[in-house]
Every structure is written in C-alpha cells, then in structure tokens.
Amino acid sequence: MMITRTKIKDVLKGELINQSVNIKGWVRTFRNNSFIAMNDGSCINNIQAVVNYEHTNPEILKRITPGACLSVTGKLIASQGKGQSVEIVVEQIEIYGDAESDVTKPNSYPLQPKAHSLEYLREIAHLRFRTNTFGAVFRVRHTLAYAIHKFFNDKGFVYLHTPIITSSDAEGAGEMFRVTTLDMKNVPLTDSGDIDFKQDFFGKSTNLTVSGQLEGELGAMAFSDIYTFGPTFRAENSNTARHLAEFWMIEPEMAFYDLNDNMALAEQMLKYVINYALEHNRADIEFLSQRLLDEEKQKPQNERSELSLIEKLDFCLKNDFARITYTEAIEILRESNHNKKKKFQYLIEGWGSDLQSEHERYLVEKHFKKPVILTNYPKDIKSFYMRMNDDGKTVAAMDILFPGIGEIIGGSQREERLEKLESRMKEMHIPIEEMSWYLDTRRFGTCPHAGFGLGFERLVLFVTGMTNIRDVIAFPRTPNNCEF
RNA sequence: UCCUUCUUAGCUCAGCUGGUUAGAGCACAUGACUGUUAAUCAUGGGGUCCCUGGUUCGAGCCCAGGAGAGGGAGCCA
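So, here is what we can say about the structure in this document. (Residues numbered from 1 in each chain as written. Chains lettered and ligands numbered in written order. Predicted model: local features only at pLDDT ≥ 70, side-chain atom pairs only at ≥ 80, totals over all residues. Heavy atoms only, no water.)

1. Here we look at unusual backbone geometry
Then step 1. Phi is positive for Lys342, close to 60°, though the residue is something other than glycine.
Then step 2. Examined against the element boundaries, Lys342 turns out to sit in the loop between helix 10 (337–340) and helix 11 (357–368). (Helix = DSSP H or I, 4+ residues; strand = E, 2+ residues; numbered from the N terminus.)

2. Things to note about the nonpolar core
Then step 1. Ile400, Phe402, Ile409, Leu459 and Val463 are the most contacted members of the largest nonpolar core, which totals 68 residues.
Then step 2. Once residues within four sequence positions are removed from consideration, Ile409 is found in contact with Ala266, Met269, Leu270, Met398, Asp399, Ile400, Phe452, Gly453 and Leu454.
Then step 3. The next biggest cluster of nonpolar side chains, apart from the first, holds 32 residues, and it includes Tyr362, Val364, Val372 and Met435. (Core = buried A, V, L, I, M, F, W, Y, C linked by side-chain atoms within 4.5 Å. Buried < 20%, exposed > 50% of the residue type's maximum accessible area, 1.4 Å probe, protein only. Contact = heavy atoms within 4.5 Å.)

3. Points about the pattern of salt bridges
Then step 1. Considering all chains together, one arrives at 23 salt bridges under this definition.
Then step 2. The closest approach of N and O atoms between Arg323 and Glu267, which form a salt bridge, is 3.2 Å. In this pair, Arg323 is assigned in strand 12 (residues 322–325) and Glu267 in helix 6 (residues 259–280), connecting sequence segments 56 residues apart.
Then step 3. With a relative accessible area of 7%, Glu267 lands in the buried category.
Then step 4. In this structure, Glu335 engages Lys340 in a salt bridge whose closest nitrogen and oxygen atoms are separated by 3.5 Å.
Then step 5. Overall, the relative accessible area of 52% leaves Lys340 in the exposed class.
Then step 6. Each of Glu267, Lys271, Asp320 and Arg323 takes part in a single network of salt bridges with overlapping partners. (Salt bridge = Lys/Arg side-chain N within 4 Å of Asp/Glu carboxyl O.)

4. Points about helix 6
Then step 1. Over its 22 residues, helix 6 runs 32 Å from end to end, which matches the ideal 32 Å to within 8%, given 1.5 Å per residue.
Then step 2. By the N-cap criterion, in which a side-chain oxygen at the helix start approaches the backbone nitrogen of a residue two or three places on, helix 6 is capped by Asp258, the distance to Asn260 being 3.0 Å. (Expected span 1.5 Å × (residues − 1). Polar contact = N/O pair within 3.5 Å; in protein donor to acceptor, adjacent residues only side chain to side chain.)

5. As for the side chain of Arg470
Then step 1. If you trace the backbone, Arg470 turns up in the segment after helix 14 (456–464).
Then step 2. For Arg470, which is buried and forms no salt bridge, the nearest opposite charge comes from Asp471, at a distance of 7.7 Å.
Then step 3. Contact partners of Arg470, with chain neighbours within four places excluded, come to Arg122, Arg128, Asn239, Thr240, Leu244, Pro476 and Thr478. (Lys, Arg positive; Asp, Glu negative; His and termini not counted.)

6. Topic: the pairing of strand 5 (residues 86–97)
Then step 1. In terms of strand pairing, strand 3 (residues 47–50) meets strand 5 through three bridges, oriented parallel. Looking at strand 5, one finds that Val50 is bridged to Val89.
Then step 2. Bridge analysis of strand 4 (residues 69–78) against strand 5 gives ten bridges, and the strand direction is antiparallel. Bridge pairing in strand 5 links Thr73 to Gln92. (Pairing = 2+ DSSP bridges.)

As structure tokens, this is what we get:
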C-alpha cells in the first residue's frame, strides 16, 4: 500500500511513532553506511533514516550521496542514538535523482559535507538553499514577508499594487533603469537629434520604479491606509553590503497621520514582525544565532558582539526606540569625546550637512545602544514632498537607524498644502506639469498624511544576523552581476 | 565611482629574504570497521600558483596592465 508523504518537520514531532511513514527529500550526509541525514526544507532539522546495509544492494548504497533526492519509507521509531528523538527504519528506498559526489569528475555536486564560505555559496546561489544557513535565512525571509502582510491586514490597510514600469522620473530617489523596446542598433531620432520616444512601446520614456510612494499617496487619499510591498529598482553604481539594484520595499501611506503617528506605526510594525519571526522560526534563528557565535570565536575578544543575535532581537523588542531630532543628534555628536578626540573621519562641521555612516553608527551603537529614530532634518538634504516645519528650516522627516544596518526606514509626513508643495517643487526643479496627477491629491480634498519606506532585505539582514545583503535575497542583482 | 585587501588542489588556507620535485586540513577514490551525529582508521589520486606582459641566471613571491572577490566610503532602503 502506498503511504502518503509526510513533511520532515511533521515527522520530527514524533506523533507518528511506531507507524509507517514516507518522506521525500535530499541527502545531507550518509554516515557509517547506515545513517542518512535527510532534509526537505520544511525545517532546519534533518531526519535520520537508518539503512540495514547488510540487506541492501551495495549499488543502491553507493548512490546515497550528498545532494541525491530520495523517497524513503519505513517505520518511525524512538532513536537509539543521542542526536535525535526519532528515526526511520528504512524498508524501501527510491532514488529520484542521483548527485555525483566524486569531485574529480565534471558536474559533481558542489556542496560537500563541510563548511563553505558565504562567498563560495554566493557563486552557486542556485544550490545554496540546500545549506543549513541559507535554508534558515530564506525561511525567516518568508515569515517576515508574511508577518508584514498580516500586520497591515489586521490593521485594515489595503495592499496596493503600484506599477513597476513608470513614466515619472521626478521622484529623484535614484538612478533609473530604462525600459524600452526600441532597436538599440537603430535608435529613432527626432529632428533635433534626441531619441524619439514617441516611437517607443509606451509612446514616451519609461523606467523601472524606484519607489511606489507617490502612487501610494493616491491610494491613501481614498482608502485612508494602504501599503505596497514590491520590487524596486535602482541603477546606482553602489557596491556595498547594504545595496542592491533590485530589492523589495514596503511602503505604507496613511491619511490623517502626523510624524508622531508615523513613527509609532513604524516602531510597532518592526517589533511585530521581529517578534513574529522569533515565535514562528525560533529554530532557524537559534541556528543563525549559534552560527554567529561560532564565527565570532575566531575573533579577538574586543571585536565580538556584546549580545547574541537572539539577545539583540529580544533587546530590540523590549526597549523603546530612541527618538531625537537632527539638531539634537548634531549636538550629541559635537559634544562626544569621539568628536573631541577627532576620531571621526568626517568631523561634525555644524548644522545643515548630512550625517555620515560613521555618525549614525556612533549614535546607534555607542551612544544609545538601541534603534534610533532621527527626525526633523534640514530641508535641503531631503525630498520635495516632505512637510515643511514651522521653523522654515526643517522638514517632518524620520529615519530609523538600526545597529549594524544603518538606515532601515526612511519616511516623513507629506506636504499636504498645495502652495507650499508647488513652491518647494519649483525650488528643486521638479517638473510640475508632469506631476499634475500627484498634485491632484492636494487639489481635491487634501489632508495631513504620512508614510515610510522599509527596505525588506535590510530587515532580513537584521533578523538573520547576516552581514551582506546579497545573502538574504535569492538571486542578488548588483552592478556587473545578474547571474541565474 | 573612490580607497583598501585578497586571488595557490574540488573547498578552506600555509608557503620564510626570489632558489631543488609547491604543502596541510577537509572533500573525493579504494579498503577496513559498523549505532553514527560534518563517524573513525589506513592507503591513494589530485596544481595553467587568476590572466597578459616585464625584470632576473632563476618568479607562487618583484614590477606594470587587466579580470574577479572581500572590507570601507559615497548614494540610499
């Protein structure tokens, strides 16, 4: 009789003890010609399937190699060994797919039963899901994505799908990728010698979106509360461990919210999703936490983290984020011993200039030692749509800074007053005519509103303790790299 | 884009001041063992020292250019 397949996660619960079970998955290791460690991705743990090698065809045994895909049927029993509570006594093995283990042969399975560097695994990103670390990372990533949807859904937010192809280039959030069907070898030109986009697919110049915020504001002016969660594209030539050319962003936009409401929502959301991941992916996060501890054992004492990953996440949940204005931040930095001893590479020059990464890191990691929300930045270093404060010098912006990540959220109360918005756009040379659809929100029933953007991969970085953003997205796109 | 470090076996890395036949651990193969936990033990095979050019009697090592990767910065999420 055929037994239906059970996922390894469920088999490991032990409820099916003394019953026949069928599992399907990939071999991690095969020890002692007897013990197959199998994983099907349903959880971090493997199940041990025990083969009686004396009664099994040696040709079959030879094909049980790391990476091979098997279907195993047998009785689930209490394990005699120490590493696991239950194991399967193999009665039947079907090999779905072999994996060549001999590294001297071409096309051998590149994952060996040993530690590999993250850089090496990045080169074989199509197979790295099969490792403990990346299995854990991508299960956590999934849970965070689900938690974000659940958080907003439970609050009555509408999930708005903003366009991926846009014609607006006024956002100014970054360099854009062009979308075109024009023949690159024979680009049509106008009489004046410019590219004739009238002949392009959309009859105008188009790009991949750098932000769904402006469209999001349109939704908020009808549904009150909306959020977007989609891919975002920036053609910046930035090569860092925190930037991608293609990344996922969450952008809520709320009518009748001021800056304080905005901050409160952002903090509540971050804590909700971190807590959700801790509750639903405990084993994965514990594995990642232990992984970091093992890694840090190689470092000198003074370079090790004060808190483990789990402790860091718990700490973040239990403490209020620090909230300070830009002006107060400048004061703290100016008065710091670090600045007085000239330890900053960029000394604090005074009010008005943007903070450098080292300054943000000092505030978060040395001074407050917890997440920090910076507010009310000088208008000249922020975007046109941010609401002007009464001082005429600052805007109602907020950035949330996380330890080890830097800016994880950027947001603001939006400028809802038409005249002020238009004059700001003129100052910053934003083409007002092209943005007429956006300005309609201010013409027809405008209201105070606010929103923010959360870089999803940066959140995943924080929760998994990974340090390179290329290791928390399945197939990273960065300058000069678009593999798979 | 800028600064900086690196590139040696399938993987992770040693390789002294430029000097004979380039090493280790793991992996892999073969054999032994058989309740293991990345099993253990023995034996064995395995190298375009990233590429191109130069200096030198002699280059893995020095110089120039190029490619790729890591870390930092800028831009930001």
